[in-house]
Every structure is written in structure tokens, then in C-alpha cells.
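What follows is each chain in one-letter form.
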Amino acid sequence: MTRLSVNLNKIALIRNSRGANYPDLLKVAQDCERFGAQGITVHPRPDERHCKFSDLQPLKELCTTEFNIEGYPDEHFMQKVLAVQPHQCTLVPDAPNQLTSDHGWDTLHHFAFLQDKIARLKDAGIRVSLFIDPNDALIEKAAEAGADRIEFYTGPYAHHYPKNPEEAVSALRASCHTAIRCGLGINAGHDLNLENLRFLKEQLPQLDEVSIGHALICDAIYLGLENTIRLYLNRLQ
Ligand code: PXP
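In this text, all values refer to a predicted model and were calculated from it rather than measured experimentally.

S.K.: Even after reading the chapter, I still don't get the state of the cysteines, so can you show me in this structure?
M.R.: Covalently bonding the sulfur atom of one cysteine to the sulfur atom of another cysteine gives a disulfide. Taken as a whole and assessed by the stated rule, the structure comprises 0 disulfides. Of the cysteine sulfurs around C176, a residue in no disulfide, the closest is that of C182, at 12 Å.

Here is the structure:
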């Protein structure tokens, strides 16, 4: 089974644009779970333009599925995550003002840094996933650093999918074997949508989880949140 974790950053972005609590992030999280989502993801960035650090504890208390916090592990982020204790923490090599995540970790270059953060999170009982490009050497090093899972950066897959699906997925498919050989679980995320998700799942049946935000929330404007979540779940069957 591949779990669908809904990334709620876009909901928080809309809420923040008017200063009041509308839409209510907690209610949307609860509704996503009610409509069948198997996880909730947020990605607090240093400027808090999406989810705020103060959203984390209430979300953790409310989530009945699986709560995943993504982000760059500076000390502020680490303290907040360790206090909240989500089920999973996905470490992402984002610069502070980055528009969105657009590459995975260089696990060779940042090995000692990651090893330290991973050990601290795992000591607190939090599963750790590393956002990563499909590259065997980087994946092997992620395992050596102690990660439980990797999350494939699927932006390039989504970009190339419309022209040549087979070619778009080939690197991810090969890297899945490496990840499994290294004992890593496999997540995937970024730019996944109703068009490219089914093929990804067919080609990578080993996927443990996909986290999807932008396209899912955009689809929900036209289709409604309940229908949209059903359609994404359908693509994962
Ligand atoms: N995974 C990571 C690490 C991300 O940073 C994001 C975007 O916040 C996603 C997945 C979800 O990407 P999208 O919003 O394109 O579905």
C-alpha cells in the first residue's frame, strides 16, 4: 500500500494572506483524514509564509493518521520537531527563501551534518526520511547516515512525464532497487498530480508514501476536497 499524505502548505498560505484563521488548517487536516488521506504533511519554512511553527503541536494532537513535518534542519526547526514528535520528519536541503524544494541532499558532502540530525530525531522516536535525487551513491550514503527512508524528488519526473513517461521514470525505478538493497523505505513527492501519479505507482510499486500539495489543492478548487482525495487515492490503487 502506498499512503497518500496531503501537504497543507497551500491552505496555510491562503489563511496567512488575510491574517485570520480562515481557512482553518486544523479543520482541513481533519477533513482530509475523514475523506481518506492516510497522512498530513506540513513544511514550515523560516519565514513561516506557509505553515507556522505554532501550527505543529495542534496538528500533531489532531492527526489520527500520520503526521509528517518537512524542512531544513536548522537548530530552530530541530527544537520544534523534537518537541512536537511527529511520526516522521523529512529533511530537505532548502535555502531559507526558496520558493519550493527543487533538489535533494548531497549526502556525501553533508554526511556528518545529516548523521547528527538523523541520530537526534531517531533518539526521540521519530522516523527520518531524506529528500533525495535518484542517484545510487547519494542513496547509499543516506542509509549510512542512518535514514529510515528516502523521499524521491519527483520534480524532473513530472516535468518529463508528458513527453516520455518511460524515460521520465527510469532513474527512479533503478534507484528504488538501490534503496531497497540498502534497507530504506521509499517516499516520493513534488509536482505529482492526477495525470502522472498512476504511472509512477505502477512503475514503483514499492512506494511507501507520496506527499502531494500544490496540484491536489488546485484540483480541489474545481472538484472539491472530498472528490479530489478520492481521485488521488484511486490513482494509488
Ligand atoms: N516533498 C517536499 C520535500 C516538498 O518540499 C514539497 C513541497 O512543499 C512536496 C513534497 C510537495 O510538492 P507539491 O506541492 O508539488 O505536491
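S.K.: How should I be thinking about the pairing of strand β5 (residues 127–132) in this particular structure?
M.R.: Strand residues, when the strand is regular, have side chains that alternate between the two faces of the sheet. Among the 6 residues of β5, 5 are classified as buried, and the element is accordingly described as predominantly covered. Pairing of strand β4 (residues 88–91) with β5, which is carried by 4 bridges, proceeds in the parallel orientation. Bridge pairing links L91 to L130 in β5. Assessed by its sense of winding, the connection that carries the chain from β4 through helix α5 (residues 111–123) to β5 is right-handed.

S.K.: Help me out: how do you make sense of the nonpolar core in this one?
M.R.: It is characteristic of soluble globular proteins that their nonpolar side chains tend to be buried jointly. Counting 68 residues, the largest nonpolar core has L4, L8 and L91 as its most contacted members. Among the elements that line this core, the one with the most residues is helix α8 (residues 165–181), at 5 residues. Those residues in contact with L91 that lie beyond four places of it in its chain are G71, P73, F77, W105, L114, K117, I118, L121, V128, S129, L130 and F131.

S.K.: Teacher, can you tell me more about the side chain of T41 here?
M.R.: Secondary-structure assignment places T41 in strand β2 (residues 39–42). A polar atom in the side chain of T41 sits 3.1 Å from the side chain of N68. Discounting residues that sit within four places of it in the chain, T41 has contacts with S5, V6, N7, L8, N68, E70 and S211.

S.K.: Looking at this structure, how should I read the site of the ligand?
M.R.: In the vicinity of the ligand lie 15 residues, with S101, E151, D191, G213 and H214 positioned nearest. Between the ligand and S101 there is a distance of 2.5 Å, counted from an oxygen atom to a side-chain nitrogen or oxygen. The contact in question runs from an oxygen atom of the ligand to an N or O atom on the backbone of H214, over 2.9 Å. When the free accessible area of the ligand is taken as 390 Å², the share hidden by the protein chains comes to 94%. More than half of the atoms of the ligand fall within 2 Å of the grid points belonging to the largest pocket. Considering only residue class, the shell around the ligand consists of 3 nonpolar, 9 polar and 3 charged.

Calculation criteria
One numbering rule holds for all chains: residues counted from 1, following each sequence as written. The predicted origin of the model limits local features to residues at a pLDDT of at least 70 and limits the giving and counting of side-chain atom pairs to 80 or more, whereas totals for whole chains, interfaces and linings rest on all residues. Only hydrogens and water are set aside when side-chain values are computed; all heavy atoms of the structure are taken into account. When two cysteine sulfur atoms are found within 2.5 Å, that pair is recorded as a disulfide. Burial classes: relative accessible area under 20% of the type maximum marks a residue as buried, over 50% as exposed, and values in between as partly exposed (1.4 Å probe, protein chains only). Secondary structure is summarised from DSSP: a helix means a run of H or I of at least four residues, a strand means a run of E of at least two, and numbering begins at the N terminus for each. Between any two strands, at least two bridges found by DSSP are needed for them to pair. Crossover handedness is defined by viewing with both strands directed away from the observer: a clockwise path from the first strand over the helix to the second marks the crossover as right-handed. By nonpolar core we mean a set of buried residues, namely Ala, Val, Leu, Ile, Met, Phe, Trp, Tyr and Cys, connected to one another through side-chain atoms within 4.5 Å. By definition, residues are in contact when any of their heavy atoms lie within 4.5 Å. Under this definition, polar contacts are N or O atom pairs within 3.5 Å; protein pairs additionally need one hydrogen-donor-capable and one acceptor-capable atom, and for neighbouring residues in sequence, both atoms have to be side-chain atoms. Note on terminology: near, applied to a residue and a molecule or strand, indicates that one of the residue's heavy atoms is within 4 Å of it. Per-residue and other accessible areas follow the Shrake-Rupley method at a 1.4 Å probe size, with only the shown protein chains counted as cover for residues. Grid points spaced at 1 Å and placed over the protein atoms alone form the basis of the search, with a cavity being a set where a 1.4 Å probe fits but cannot get out and a pocket an open set showing protein on both sides within 12 Å along at least five of seven lines. Lining residues have an atom within 4 Å of a point. Assignment of a molecule to a cavity or pocket requires that more than half of its atoms lie within 2 Å of the corresponding grid points. Each residue gets one of three labels, nonpolar for Ala, Val, Leu, Ile, Met, Phe, Trp, Tyr, Cys and Pro, charged for Asp, Glu, Lys and Arg, and polar for the others, Gly among them.

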